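Fold and geometry: a report
Next come the chains, spelled out residue by residue.
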Amino acid sequence: MTLTGTTFNVQQFSTEDGPGIRTTVFMKGCPLRCVWCHNPEGLRPNPDLVWYDVRCIGARDCLRVCPEGALKLTPEGMRIDRERCTVCGTCAWACPTAALEVIGREWSPDALMAELLKDRVFYETSGGGVTFSGGEPMMQADFLSEVLPRCHEAGIHVALDTCGLVPWEHYERVMPFVSLVLLDIKLMDSSQHQKATGVDNALILENARRMAGRGKPMWIRTPVIPGFTDDLGNIRAIGGFIRESLPTVERWDLLAYTNLGRPKYHRLDLPYALEETALLTQQEMEALHSAAAELVPAARWSGATR
């Protein structure tokens, strides 16, 4: 059987996921269930079917071709019976306006490399490269173990954007080919981490220490989420951990909460716990950044505020 990997997006000309101009490969599947996740289409390892109301013209071709009878167009919009839907993609192919779309594409290592190499000139001229993100890219460690060495051989800078919740032996397989690790550290308190993400943080913190011990340059990312990660105590605890345990950290990003993922939950028929949560204020973010910078001078913040 041919080894393949499943992505939910391959984003060209990215400037937020490492240095320079990059292509970010968003892999499907994630072991966390963060309350605030802004890429819910990356949670499941398998493809997902979504419907875009703004594209739909009511042609009903999708209803006629669906082999499972899983679609129903109502005055409130398209209803997808996800118990019956097999995500075969027949409806998406039939839709004249791409109102139905299958999120999730399979790639062979050769096909993905061909796609990544299209923008090689931009990587070289900008000091950029390729970032593997998700979801959690290490959920597809076998595939990455094929692709990352090829990137390395091609002289492409590789960044691995990971949540850290994968057995260390999987990381060991790819670390020789990774130039930069982008690691999320969300909460230092284990019980709070369990409540917010579904798992405790022991493995994440241990893997962080191991990555630093290997001398890997690291960028730490902390999503600043109202009611979850946005208190000074948490930020100071993360800052203390970085200062004491992660000597290879080059940058610490405080990422202000965004509600731009909200429509994605609606398209996937998933509840969104932060439906009514407001953005943080600029003053709140600046106060948290000030506390972070006292411990880690490389701290910075970004994102929309109110």
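Here's a quick rundown of the structure. Being a predicted model, the structure only gives us computed values, none of them experimental. (Residues numbered from 1 in each chain as written. Predicted model: local features only at pLDDT ≥ 70, side-chain atom pairs only at ≥ 80, totals over all residues. Heavy atoms only, no water.)

1. So, the overall build of the chain
Along its length, the chain carries eleven helices and 13 strands. Taken over the C-alpha trace, the chain has a radius of gyration of 20 Å; the compact-globule value for 306 residues is 19 Å, and the two agree within 12%. Within the chain, the proportion of its 306 residues that are buried is 49%. For the chain, restricting intrachain contacts to residue pairs at least 6 apart in sequence, the fraction spanning at least 24 positions comes to 69%. Carbon and sulfur atoms make up 50% of the accessible area of the chain, which totals about 14200 Å². The centroid of the 31 positive side-chain charges in the chain is displaced by 2 Å from the centroid of its 38 negative side-chain charges. (Helix = DSSP H or I, 4+ residues; strand = E, 2+ residues; numbered from the N terminus. Rg over C-alpha atoms; globule rule 2.2 N^0.38 Å. Buried < 20%, exposed > 50% of the residue type's maximum accessible area, 1.4 Å probe, protein only. Contact = heavy atoms within 4.5 Å. Areas by Shrake-Rupley, 256 points an atom, 1.4 Å probe, with all protein chains shown as cover. Lys, Arg positive; Asp, Glu negative; His and termini not counted. Charge placed at Lys NZ, Arg CZ, Asp CG, Glu CD.)

2. Section: helix α7 (residues 190–197)
Burial in α7 covers these residues: H193, A196 and T197. All buried residues of α7 project into a common sector of 75 degrees when viewed along the axis, lining one side. Along α7, the residues that are exposed and aim more than 90 degrees away from the buried face are S191 and K195. On its buried side, α7 packs onto α8 (202–213). Just past α7, the residue G198 takes up positive phi, approximately 95 degrees. (Arc of directions from axis to C-beta.)

3. Comments concerning the side chain of T162
Relative to the helices and strands, T162 is located in strand β9 (residues 157–162). With relative accessibility at 2%, the residue T162 sits in the buried group. Within the structure, T162 has its side chain in polar contact with the side chain of Y171 (distance 2.6 Å). Discounting residues that sit within four places of it in the chain, T162 has contacts with E136, M138, Y171, V181, L182, L183, D184 and M211. (Polar contact = N/O pair within 3.5 Å; in protein donor to acceptor, adjacent residues only side chain to side chain.)

4. Regarding the packing of aromatic side chains
Considering all chains together, one arrives at five aromatic pairs under this definition. Where F8 meets F26, the ring centres are 5.5 Å apart and the plane angle is 40 degrees; that geometry is what we call tilted. Of this pair, F8 sits in strand β1 (residues 5–14) while F26 sits in strand β2 (residues 22–27), placing them 18 residues apart in sequence. Per residue, the accessibility class of F8 equals that of F26, and both read buried. Directly above the aromatic system of Y52 lies the positively charged group of R55, at a separation of 3.8 Å from the ring centroid. (Phe/Tyr/Trp six-rings, centres within 6.5 Å; stacked < 30°, edge-to-face > 60°. Lys NZ or Arg CZ within 6 Å of the ring centre and 35° of its normal.)

5. A closer look at the nonpolar core
L116, F132, L144, L160, I220, L246 and W252 are the most contacted members of the largest nonpolar core, which has 52 residues in total. If one sorts the elements of this core by residue count, helix α5 (residues 141–153) sits on top with six residues. With near-sequence residues (within four places) excluded, L246 lies in contact with I185, A208, R209, A212, I220 and F241. One finds C34, C163, I225 and Y257 within the second-largest nonpolar core, a separate group that totals 18 residues. (Core = buried A, V, L, I, M, F, W, Y, C linked by side-chain atoms within 4.5 Å.)

6. Looking at the pattern of salt bridges
One side chain can pair with another of opposite charge once the charged atoms of both are near each other. Taken as a whole, this structure holds 18 salt bridges when the rule is applied. Between D253 and R251 there is a salt bridge, and its shortest N-O distance comes to 2.9 Å. With a relative accessible area of 19%, R251 lands in the buried category. In the salt-bridge network here, residues are joined through shared partners; they are D17, D161 and R221. (Salt bridge = Lys/Arg side-chain N within 4 Å of Asp/Glu carboxyl O.)

7. Describing the sheet that holds β2
The strand order β7-β1-β2-β8-β9-β10-β11-β12-β13 describes an open sheet built from nine strands, whose pairing is mixed. The outermost strands of the open sheet, each flanked by one partner alone, are β7 (105–107) and β13 (299–302). Each strand axis lies, on average, 30 degrees off the axis of its neighbour in the sheet, ignoring direction. Here strand β10 (residues 180–184) pairs with strand β11 (residues 218–224) via four bridges, running parallel. Among the inter-strand pairings, L183 is bridged to a residue of β11, identified as I220. Running at roughly 100 degrees to β7, helix α3 (residues 109–117) makes contact with β1, β2, β7 and β8 (129–134) of the sheet. Contacts from α5 reach β1, β2, β7, β8 and β9 within the one sheet, and its direction differs from that of β8 by about 165 degrees. (Pairing = 2+ DSSP bridges. Axes fitted to C-alpha atoms, helices over the stretch in contact; angles between N-to-C directions.)

8. Some details on the packing of helix α9 (residues 232–245) against helix α11 (residues 282–295)
With their axes 8 Å apart at the nearest point, α9 and α11 run at an angle of 25 degrees to one another. Considering their axes alone, α9 and α11 lie roughly parallel with respect to each other. For the pair α9 and α11, the sense of crossing is right-handed. Touching L232, I235, R236, G239, G240 and R243 of α9 are A287, L288, A291, A292 and L295, all from α11. Split by residue class, the contact of α9 with α11 holds seven nonpolar, two polar and two charged. (Parallel < 35°, antiparallel > 145°, perpendicular 65-115°, else oblique. Left-handed = near helix turned anticlockwise from the far one by under 90°. Nonpolar A, V, L, I, M, F, W, Y, C, P; charged D, E, K, R; others polar.)

9. Regarding the environment of A293
Mapped onto the secondary structure, A293 falls in helix α11. Distance from A293 to L232, taken between C-alpha atoms, is 12 Å for residues 61 residues apart in sequence.

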